[in-house]
Amino acid sequence: MSTTRTRRAALMAATVTAALVLAACGGSDSDSGDASHGSSHGTSTSPSADTAAAHNAQDVSFAQGMIPHHRQALEMAELAADRASSAEVKSLAARIEKAQDPEIKTMTGWLKSWGEEAPEAGASMPGMDHGSQSGMPGMMDDGDMEELGKASGKGFDAMFLTMMVEHHEGAIDMAGTEKAKGRYAAATAMADDIITGQTAEITEMNKLLGKG
């Protein structure tokens, strides 16, 4: 419990600093035209007959973990549409939705074709600590999401960017494990896309936060 409070206090402190930077900078030029979450993300074909024979346990773990991870990113991005004050933040949120929603559908298809459980929306996978989402790096807890839902304007922008950087860093960790240990070619290719796209977005977000 205390570690959760400490983490949230650190997150909020970073958010306050970021809000001051955003307020001082106004709207810096954005790199919204960059490749960031590239269109290659959604290019994976639908599962075929040979899918079941070409995967391993790591591929299953990757899909089962990344689906709820992506869903939380979409939840955060949806809040930005109404609450963000920065056009750059709104553009980033829209690109995150465009990239990650198709990936959720693709990974769900893989799991069904493999005869594995696909995470239901709003449900934790078995063995995961619902409070801390242990085993899923970068996930925000309920308190973080509640704070984000209450924010608006530049305060929201700073909180969103600070949280999404951490969220993306977690996804990159998960994707790195998949690249190293996964067997299914489409899954390792998606992992590579996630690393490339989200690394670019972290650079973009840090620039907006005055860190780049």
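Above this text you will find the structure in question.
Let us look at the structure shown here. Everything quoted here is computed from the prediction, not taken from an experiment.

**Some details on the overall build of the protein**
Next, step 1: Along its length, the protein carries six helices and zero strands.
Next, step 2: Shown N-terminal to C-terminal, the secondary structure of the protein runs as helices and strands in the order α-α-α-α-α-α.
Next, step 3: Classification of the 212 residues of the protein by burial places 44% in the buried group.
Next, step 4: Within the structure as shown, the protein displays about 9,700 Å² of accessible surface, and the carbon and sulfur contribution to it stands at 54%.

**Here we look at helix H3 (residues 87-113)**
Next, step 1: Between its first and last C-alpha, H3 extends 40 Å over 27 residues, near the 39 Å set by a 1.5 Å rise per residue.
Next, step 2: With its phi angle positive at about 75°, Gly-115 sits one or two positions after the end of H3.

**Thoughts on the nonpolar core**
Next, step 1: Core analysis: the largest hydrophobic core is formed by 25 residues, its most contacted members being Met-76, Phe-160 and Leu-161.
Next, step 2: It is helix H5 (residues 153-181) that contributes the most residues to this core, eight residues altogether.
Next, step 3: Contact partners of Met-76, with chain neighbours within four places excluded, come to Met-140, Met-145, Leu-148, Phe-156, Phe-160, Met-163, Met-164 and His-167.
Next, step 4: Core analysis: the second largest hydrophobic core is formed by 21 residues, Val-60, Leu-111, Ala-118 and Ala-186 among them.

**Considerations on the packing of aromatic side chains**
Next, step 1: In the structure shown here, the tally under the stated rule is four aromatic pairs.
Next, step 2: Between Trp-110 and Trp-114, the aromatic rings sit 6.2 Å apart at their centres with planes inclined by 25°, giving stacked as the arrangement. Across the pair, exposure class does not vary: Trp-110 and Trp-114 are buried alike.
Next, step 3: Consider the rings of Trp-110 and Tyr-184, whose centres lie 5.4 Å apart with planes at 90°: the pair is edge-to-face.

**Comments concerning the side chain of Asp-141**
Next, step 1: Position of Asp-141 relative to the elements: it lies in the loop between H3 and helix H4 (142-150).
Next, step 2: A relative accessible area of 8% means that Asp-141 is categorised as buried.
Next, step 3: One polar contact links the side chain of Asp-141 to the main-chain amide nitrogen of Gly-143, over a distance of 3.1 Å.

**Considering the pattern of salt bridges**
Next, step 1: A complete count under the given rule lists four salt bridges for this structure.
Next, step 2: For Glu-204, the salt bridge is made with Arg-95, and the minimal N-O distance between the two is 2.7 Å. Of the two residues, Glu-204 sits in helix H6 (residues 185-208) while Arg-95 sits in helix H3, which places them 109 residues apart along the sequence.
Next, step 3: With a relative accessible area of 16%, Arg-95 lands in the buried category.

**Looking at the environment of Ala-81**
Next, step 1: Locating Ala-81 in the fold gives a position in helix H2 (residues 57-83).
Next, step 2: Of the residues examined, Ala-81 reaches a relative accessible area of 47% and is grouped as partly exposed.
Next, step 3: It is 8.9 Å that separates the C-alpha atoms of Ala-81 and Ser-91, two residues lying ten residues apart in sequence.

**Comments concerning H4**
Next, step 1: Taken as a whole, H4 has its buried residues at Gly-143, Asp-144, Met-145 and Leu-148.
Next, step 2: N-cap assignment for H4: the residue whose side-chain oxygen lies 3.1 Å from the backbone N of Gly-143 is Asp-141.

**Describing the packing of H3 against H5**
Next, step 1: Packing of H3 against H5 leaves a shortest axis separation of 11 Å and a crossing angle of 35°. Crossing geometry of H3 relative to H5 is assigned as left-handed. In this structure, H3 uses Val-89, Leu-92, Ala-93, Ile-96 and Gln-100 to contact H5, whose residues at the interface are Asp-157, Phe-160, Leu-161, Met-164 and His-168.
Next, step 2: Residues of the contact of H3 with H5, tallied by class, amount to seven nonpolar, two polar and one charged.

Calculation notes
- Residues numbered from 1 in each chain as written.
- Predicted model: local features only at pLDDT ≥ 70, side-chain atom pairs only at ≥ 80, totals over all residues.
- Heavy atoms only, no water.
- Helix = DSSP H or I, 4+ residues; strand = E, 2+ residues; numbered from the N terminus.
- Buried < 20%, exposed > 50% of the residue type's maximum accessible area, 1.4 Å probe, protein only.
- Areas by Shrake-Rupley, 256 points an atom, 1.4 Å probe, with all protein chains shown as cover.
- Expected span 1.5 Å × (residues − 1).
- Core = buried A, V, L, I, M, F, W, Y, C linked by side-chain atoms within 4.5 Å.
- Contact = heavy atoms within 4.5 Å.
- Phe/Tyr/Trp six-rings, centres within 6.5 Å; stacked < 30°, edge-to-face > 60°.
- Polar contact = N/O pair within 3.5 Å; in protein donor to acceptor, adjacent residues only side chain to side chain.
- Salt bridge = Lys/Arg side-chain N within 4 Å of Asp/Glu carboxyl O.
- Axes fitted to C-alpha atoms, helices over the stretch in contact; angles between N-to-C directions.
- Left-handed = near helix turned anticlockwise from the far one by under 90°.
- Nonpolar A, V, L, I, M, F, W, Y, C, P; charged D, E, K, R; others polar.

By themselves, these are just geometric observations and shouldn't be taken as functional.
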